[in-house]
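Given next are the chains, with one letter for each unit.
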Amino acid sequence: MRFVVVTIFPEFFPSPLAVGLLGKAVESGLVQVETVQLRDFTHDRHQTVDDTSFGGGPGMVMRVEPLVDALEHVRASHKVARTVLLSPRGRRFDQACAREYAGHGSICLVCGRYEGVDERLIEGGFVDEELSIGDYVLNGGEVAALAVIECCSRLVPGVVGKEESVVQDSFFDGLLDHPHYTRPREFRGLAVPEVLLSGNHAEIDRWRRRQSLLATAARRPDLMARLTLSEDDLRLLQP
Ligand code: ADE
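Criteria and cut-off values
- Residues numbered from 1 in each chain as written.
- Predicted model: local features only at pLDDT ≥ 70, side-chain atom pairs only at ≥ 80, totals over all residues.
- Heavy atoms only, no water.
- Helix = DSSP H or I, 4+ residues; strand = E, 2+ residues; numbered from the N terminus.
- Contact = heavy atoms within 4.5 Å.
- Domains from an automatic or database assignment.
- Salt bridge = Lys/Arg side-chain N within 4 Å of Asp/Glu carboxyl O.
- Buried < 20%, exposed > 50% of the residue type's maximum accessible area, 1.4 Å probe, protein only.

Draft legend 1. Summary view of the side chain of Gln 37. Relative to the elements of secondary structure, Gln 37 occurs in strand β2 (residues 32-37). Aside from chain neighbours lying at most four places away, what touches Gln 37 is Thr 7, Ile 8 and Pro 10.

Draft legend 2. Spatial organisation of the domain arrangement of the protein. Partitioning the protein into domains gives domain 1 (2-153) and domain 2 (171-236). The distance between the C-alpha centroids of domain 1 and domain 2 comes to 37 Å.

Draft legend 3. Spotlight on the pattern of salt bridges. Tallied over the full model, the rule gives 13 salt bridges. A salt bridge links Glu 203 to Arg 206, with the nearest nitrogen and oxygen atoms 2.4 Å apart. One end of the pair, Glu 203, and the other, Arg 206, are both in helix α7 (residues 201-219), three residues apart, so they sit about a helical turn from each other. What makes Glu 203 partly exposed here is its relative accessible area of 32%. Where Arg 220 meets Asp 222, a salt bridge forms, and the shortest distance between an N and an O atom there is 2.9 Å.

Written out as structure tokens, the structure is:
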């Protein structure tokens with residue numbers, strides 16, 4: 001999968017992209033991330049990417065010309081299936097969206113900064129969509145872009161060693177993950193649930209599914225409402 005990131009802070013990216021599973025994926029070429037410095041698409045001596053807001057008010061607005069020039073450069077020189085502007089006003093990023101993006105194979109992520117970007121970037125259709133990673137405001141899109149890159153990369157075959165562990169992740173099937181335990185069997189009076197030590201794998205699977213269902217119902221009724229539960233699931237939910 002290929003990501004092209006348009007940003008005024010390319011230095012944000014190398015270290016998170018060099019460690020752990022993502023680091024391995026980048027090293028092996030399964031995931032490619034290229035940054036494009038937005039300032040390279042300005043024409044003034046100070047490489048100005050922002051300006052004051054028409055109508056007044058605090059904060060600066062990102063100028064549309066360098067953004068459009070950068071995106072036209074990206075489209076001409078890289079094959080990208082979609083162009084996404086990171087913004088708290090966007091569609092909420094979730095696992096389904098990550099699957100959709102991973103399916104596209106390539107994506108351009110545009111990082112906004114300051115108070116926002118000139119709306120004509122969106123009105124003019126220069127980006128395909130706006131994407132938010134949650135209802136809170138970051139200083140800019142870079143942290144959000146990293147979240148999207150990491151999440152989509154996990155879905156690229158070969159990036160996560162055990163395919164199974166992606167399938168079992170929280171949200172993969174619309175449910176929260178079940179709890180996990182490792183040694184010791186007892187810690188400060190807290191024991192590992194007996195069933196997990198039983199060696200009965202059918203029982204363990206049932207217990208885990210039940211815990212997923214219970215956790216989702218208790219913590220995320222919004223997710224629960226979107227599920228179609230099987231007869232077995234309904235039975236597992238009985239007290
Ligand atoms: N930029 C600032 N806040 C953001 C958010 N929550 N999601 C995506 N991009 C952002």
